[in-house]
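# Working through the structure, step by step
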Amino acid sequence: MRRHELSDAEWSRIKPLLGSRSGPPSKRGDRDFINAVIWRVKTGVQWRDLPERFGHWKTVYNRFHRWAQAGKWEAIFKALRLEVDELGSLADASVVRAHQDASGGKGGSEEMLWGVLEEVFQRRFTPSQRRAVSRSTSR
């Protein structure tokens, strides 16, 4: 068994879920196909970068797409669902990450807001140095 591939125990749980196939039999078989999909998901590479031992990447992708449309993957995942611990769960920091700007909250700090407002609403002219002229009350 290679890295990122199904063990015999895992394959024995999945094999009955696949049912019968329509069309011509696969040259490489269902196990190699599922191993190719698992390898791609675990390594995060593009479909074009699948190793040649899995066959042509486009063939693997087309079959993956057909299975997704037919709901086969959903059935497999539901059947293999693990027991969920309702008391708690673990999140790795490499999975849950916030953007660097998320620490300041919406719009940043209030001091920054006031600084921006003062800058925006600054007077753009110099007040006149002329004396205010009073209006004459006589007519």
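Along each chain, residues carry numbers from 1 onward, in the same order as the chain's sequence is written. Whole-chain, interface and lining totals are the exception, using all residues; otherwise, since this is a predicted model, local features are given only for residues with pLDDT of at least 70 and side-chain atom pairs are given and counted only at 80 or more. Each side-chain value is worked out from all heavy atoms of the structure, with water and hydrogens disregarded.

## Some thoughts on the confidence of the model for the protein chain
Stated precisely, the cut-off is as follows: Per-residue confidence from the predictor is reported as pLDDT, which spans 0 to 100. Put simply, DSSP H or I for four residues or longer makes a helix, DSSP E for two residues or longer makes a strand, and each gets a number counted from the N terminus.
Of all residues in the protein chain, 63% attain a pLDDT of 70 or more, and the chain-wide mean is 75. Ranking the helices and strands of the protein chain by mean pLDDT puts helix H3 (residues 57-70) first, with 91, and helix H5 (residues 110-120) last, with 69.

## Looking at the environment of Asp-32
Using the following cut-off: Only protein chains enter the calculation, and the probe is 1.4 Å; a residue is then buried if its accessible area is under 20% of its type maximum, exposed if over 50%, and partly exposed in between.
Here Asp-32 lies in helix H2 (residues 29-43). Residue classification places Asp-32 among the partly exposed positions, given a relative accessible area of 31%. A sequence separation of 23 residues divides Asp-32 from Gly-55, and the C-alpha atoms of the two residues are 9.0 Å apart.

## Remarks on the packing of aromatic side chains
The following threshold applies: Aromatic rings from Phe, Tyr and Trp, with only the six-membered ring used for Trp, were paired whenever their centres fell within 6.5 Å, and each pair was classed as stacked if the ring planes differed by under 30 degrees, edge-to-face if by over 60, and tilted otherwise.
The full count for this structure, using the stated rule, is 7 aromatic pairs. Seen in terms of ring centroids, Phe-33 and Trp-67 are 4.8 Å apart; in terms of plane orientation they differ by 70°. Their pairing is edge-to-face. Note that Phe-33 is positioned in helix H2 and Trp-67 in helix H3, a separation of 34 residues in sequence. A ring pair is formed by Trp-39 and Phe-54, whose centres lie 6.2 Å apart and whose planes are at 50°; its orientation type is tilted.

## What to know about the packing of helix H1 (residues 8-18) against helix H4 (residues 72-79)
Rules: A fitted line through C-alpha atoms serves as each axis, taken over the contacting stretch for helices, and the angle formed by two N-to-C directions is quoted from 0 to 180°. An angle below 35 degrees is read as roughly parallel, one above 145 as roughly antiparallel, one from 65 to 115 as roughly perpendicular, and any other as oblique. Each crossing is labelled by how the near helix is turned from the far one, with a counterclockwise turn of less than a right angle marking it left-handed and a clockwise turn marking it right-handed. Whether two residues are in contact is decided by their heavy atoms: any pair within 4.5 Å suffices. The residue classification treats Ala, Val, Leu, Ile, Met, Phe, Trp, Tyr, Cys and Pro as nonpolar and Asp, Glu, Lys and Arg as charged. All others, Gly included, are polar.
Look at H1 against H4: their axes get within 10 Å of each other, and the N-to-C directions meet at 135°. In terms of orientation, H1 lies oblique with respect to H4. For the crossing formed where H1 meets H4, the hand is right-handed. Between H1, through Arg-13, Leu-17 and Leu-18, and H4, the contact on the second element is made entirely by Lys-72, Ile-76 and Ala-79. Considering only residue class, the contact of H1 with H4 consists of 4 nonpolar, no polar and 2 charged.

## Notes on the packing of H1 against H2
Interaxial distance between H1 and H2 falls to 11 Å at its minimum, and their mutual angle equals 110°. Taken together, the axes of H1 and H2 lie roughly perpendicular to each other. Every pair of crossing elements has a handedness; the one defined by H1 and H2 is right-handed. Contact residues: H1 offers Asp-8, Trp-11, Ile-14 and Leu-18, while H2 offers Asp-30, Arg-31 and Ile-34. By residue class, the composition of the contact of H1 with H2 is 4 nonpolar, no polar and 3 charged.

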